[in-house]
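Each chain, written out:
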Amino acid sequence: MNSQLRQLPQVETLLHSPAIAKVIDASSRQEVADVLRAALAQLRADIQAGRGAGLPDFTSAAFAQGLLAEILNARAPNLRAVVNATGIIIHTNLGRARLAPEALAAMQDVGAHPSNLELNLTTGKRGSRYDHAEALICELTGADAALIVNNCAAAVVLGLMGTAMGRKVIASRGELIEIGGSFRLPDVIAQSGAVLKEVGATNKTRLGDYADAIDDDVAVLLKSHTSNFRIIGFTAAPAREDLAKLAKDRDLILIEDLGSGVLIDLSPFGLSDEPVVADILKAGVDLVMFSGDKLLGGPQAGIIAGRADIIAQLRAHPLLRALRIDKLSLAALEATLRLYRAPNDPLTRIPVLRMLSEPAPAVQARADLLAGLLRGQGGAEVSVVPSAAYVGGGAMPQQDLASFSVSVMVPDLSADDLATALRVATPPIIGRIHQGRMQLDMRTVADDELPLIAAAFNAITAR
Ligand SMILES: *Cc1c(COP(=O)(O)O)cnc(C)c1O
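Calculation rules
- Residues numbered from 1 in each chain as written.
- Predicted model: local features only at pLDDT ≥ 70, side-chain atom pairs only at ≥ 80, totals over all residues.
- Heavy atoms only, no water.
- Helix = DSSP H or I, 4+ residues; strand = E, 2+ residues; numbered from the N terminus.
- Buried < 20%, exposed > 50% of the residue type's maximum accessible area, 1.4 Å probe, protein only.
- Areas by Shrake-Rupley, 256 points an atom, 1.4 Å probe, with all protein chains shown as cover.
- Near = heavy atom within 4 Å.
- Polar contact = N/O pair within 3.5 Å; in protein donor to acceptor, adjacent residues only side chain to side chain.
- Nonpolar A, V, L, I, M, F, W, Y, C, P; charged D, E, K, R; others polar.
- Domains from an automatic or database assignment.
- Contact = heavy atoms within 4.5 Å.
- Buried area = accessible area lost by both parts, 1.4 Å probe.
- Salt bridge = Lys/Arg side-chain N within 4 Å of Asp/Glu carboxyl O.
- Pairing = 2+ DSSP bridges.
- Axes fitted to C-alpha atoms, helices over the stretch in contact; angles between N-to-C directions.
- Parallel < 35°, antiparallel > 145°, perpendicular 65-115°, else oblique.
- Phe/Tyr/Trp six-rings, centres within 6.5 Å; stacked < 30°, edge-to-face > 60°.
- Lys NZ or Arg CZ within 6 Å of the ring centre and 35° of its normal.
- Core = buried A, V, L, I, M, F, W, Y, C linked by side-chain atoms within 4.5 Å.
- Right-handed = clockwise from strand over helix to strand, strands pointing away.

1. Structural notes on the overall build of the protein chain
- Scanning the protein chain for helices and strands turns up 19 helices and 14 strands.
- Classification of the 463 residues of the protein chain by burial places 48% in the buried group.
- Summing over all exposed atoms, the protein chain offers an accessible surface of approximately 21,900 Å²; the carbon and sulfur share of this is 52%.

2. What about the site of the ligand?
- Close contacts around the ligand come from Arg-96, Asn-151, Cys-152, Ala-153, Ile-177, Ile-179, His-225, Ser-227, Asp-257, Gly-259, Ser-291 and Lys-294, and that covers them all.
- Interatomic distance of 2.5 Å between a side-chain N/O atom of Arg-96 and an oxygen atom of the ligand.
- Contact between the ligand and Asn-151: an oxygen atom at 3.4 Å from a side-chain N or O atom of the residue.
- Contact with the protein chains covers 94% of the free accessible surface of the ligand, which is 380 Å².
- Elements with a minimum of two residues in the shell around the ligand: α8 (152-164) and β7 (253-259).
- The residue inventory of the shell around the ligand, partitioned by class, reads 4 nonpolar, 5 polar and 3 charged.

3. Here we look at the domain arrangement of the protein chain
- Taken domain by domain, the protein chain holds domain 1 (2-75), domain 2 (83-92 + 354-461) and domain 3 (101-345).
- Here the C-alpha centroids of domain 2 and domain 3 sit 34 Å apart.
- If you look at the interface, domain 2 gives 12 residues, while domain 3 gives 16 residues.
- Carbon and sulfur atoms make up 69% of the area that domain 2 and domain 3 hide from each other, which totals about 1,100 Å².
- Our count for the domain 2 to domain 3 interface comes out at 0 salt bridges.
- Linking domain 2 to domain 3 there are 1 residue pair in polar contact (both at pLDDT 80 or more).
- Every element with two or more residues in the side of domain 2 that touches domain 3 is listed here: α16 (351-357) and β11 (395-409).
- At 6 residues, the largest contribution of residues to the side of domain 2 that touches domain 3 is made by β11.
- Looking at the side of domain 2 that touches domain 3 residue by residue, the classes come out as 7 nonpolar, 5 polar and no charged.

4. So, the side chain of Asp-441
- Its place among the elements puts Asp-441 in strand β14 (residues 437-441).
- Within the local environment of Asp-441, its side chain forms a polar contact with the side chain of Ser-387, the two groups lying 3.0 Å apart.
- At 2.9 Å, the side chain of Asp-441 forms a polar contact with the backbone nitrogen of Arg-443.

5. Looking at the sheet that holds strand β4 (residues 168-172)
- With respect to topology, 7 strands assemble into an open sheet ordered β3-β9-β8-β7-β6-β4-β5, the strand pairing being mixed. At either margin of the open sheet sits one strand with a lone partner, and together these are β3 (145-149) and β5 (195-199). Within this sheet the neighbouring strands show an average axis-to-axis angle of 25°, counted without direction.
- Bridging between strand β6 (residues 218-224) and β7 involves 5 bridges; their strand directions are parallel.

6. Some details on the packing of helix α4 (residues 29-48) against helix α5 (residues 61-75)
- Where α4 contacts α5, the two axes come as close as 10 Å, and the packing angle between them is 105°. As judged from the angle between their axes, α4 and α5 are roughly perpendicular. Every residue of α5 that contacts α4 at Glu-31, Val-32, Val-35 and Leu-36 is listed here: Phe-63, Leu-67, Glu-70, Ile-71 and Arg-75.
- Taken together, the residues of the contact of α4 with α5 break down into 6 nonpolar, no polar and 3 charged.

7. Looking at the packing of aromatic side chains
- Following the criterion strictly, the structure yields 1 aromatic pair and no others.
- Consider the rings of Phe-58 and Phe-63, whose centres lie 5.3 Å apart with planes at 80°: the pair is edge-to-face.
- Taking the relative accessible area as the measure of exposure, Phe-58 reaches 9% and is therefore buried.
- For Phe-63, a relative accessible area of 14% translates into the label buried.
- Taking NZ or CZ as reference, Lys-204 lies 3.6 Å from the ring centre of Phe-234, over its face.

8. With respect to the nonpolar core
- Membership of the largest hydrophobic core comes to 57 residues, with the highest contact counts inside it found for Leu-221, Phe-290, Leu-337 and Leu-356.
- No fewer than three residues from each of domain 2 (83-92 + 354-461) and domain 3 (101-345) sit in this core.
- Listed in part, the 33 residues of the second largest apolar core include Leu-158, Phe-183, Leu-185 and Ile-253.

9. Quick word on the pairing of β7
- Counting buried positions along β7 gives 7 out of 7 residues, so the element sits mostly inside the fold.
- By the alternation rule, side chains of β7 split into Ile-253, Ile-255, Asp-257 and Gly-259 and Leu-254, Glu-256 and Leu-258, which are all buried.
- Alignment of β7 against strand β8 (residues 287-291), held across 4 bridges, turns out to be parallel. When the sheet's bridge partners are listed, Ile-255 is paired in β8 with Leu-287.
- For the crossover that starts at β7, traverses helix α12 (residues 277-282) and ends in the parallel β8, the hand is right-handed.

10. Digging into the pairing of β4
- The element β4 is extensively covered by neighbouring structure, given that 5 of its 5 residues are classed as buried.
- The alternating pattern of β4 places Lys-168, Ile-170 and Ser-172 on one face and Val-169 and Ala-171 on the opposite face, and all of these are buried.
- Relative to β5, β4 is paired through 5 bridges, and the arrangement is parallel. Looking at β5, one finds that Ala-171 is bridged to Glu-198.

Spelled out as structure tokens, the structure:
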């Protein structure tokens, strides 16, 4: 062991070897020194742990090649674009909604230049970032007022802090959700300084349960969208209208944590489970909170829409600044909202809505195209198969969308190994394994990504 340790060269010495000098020419002395230091430290640790598998030839071209590959890899951003071939349109692990070109252009413009973020151009006085998209949200939802914060979780926290701190919030036991990332409604209510009063049972909560629980300490009735699960069978929940009437009669605030938040009716696409924001407000809900980057199809943001007097209260909340939306997201959100207005058709202009409304034959045509590009590469067995796509993002968990996938098998490569190879390809391609075969769902893939998939696949099968 000690003899191997003694054979480890100094970084300084290696930097003078001719093969490594070439790597320095192709990169920089600093980067080469960094990867050499890391490589030598790893070798040293391996030897000390008895895992040493012999030393490489430090002067060889192969060793130098390996260094260069590592340097180029380290230069690539950690956070990067991938191809989503999972069939889950709003994939939480893959960054949720992809943005429309108009939203990207707005971010580019506002990011590259100073903007009127907090300047009223008409009066020359200080303006508010919250004014830029408020009227649009009101127009699209029928709300009297709206406030935009960092995400929907922040919207819920702010909404509860601003209305129920030190008081009670009544919520149904069937709606005490955990969304993921450990956002649990009971904990969020507690952290907002409110006291949760649970009513009803897991499967059934009636209007009377809410009514019976109301006392002088109650400030809010909270309804939440059971985004990522459904209770089916013997169930009951009061109609929104009835809850709204109860809240009004007893001078309470009815808040709904909607989560996904759709602005248009998606029932023509078989997606009838998601209530439209405008209908929720029409039913008498005082405040509704929803995400910018779920079904709305925009950037990460949390929107609070509803009664003007309560929104004014939240706008004055001392913690609003800690939850505020940044200018790039705001620019993207405004641009996305504008795509909902005439003469635009949001179903074609907003990628999330386009993907979920695309007719199955069009998805099949894309699958046929990709199959044609992959067929025959490295003896791959390629077929187009029907599959099920999902909205994702905690919306409509059991409603699937008819889709088509390209199913691939490569000789001498297990489905798991193929999935891994595709995941570490450039760009990374994320599919799913179904019945032992790799499947690439074409509902979530854009036309211009097909050549990227083909090239990555080619690099894998050519190895
Ligand atoms: C997704 C979701 C949230 C959280 O939204 P973020 O934008 O991720 O913060 C809150 N409530 C419900 C019901 C949700 O589905």
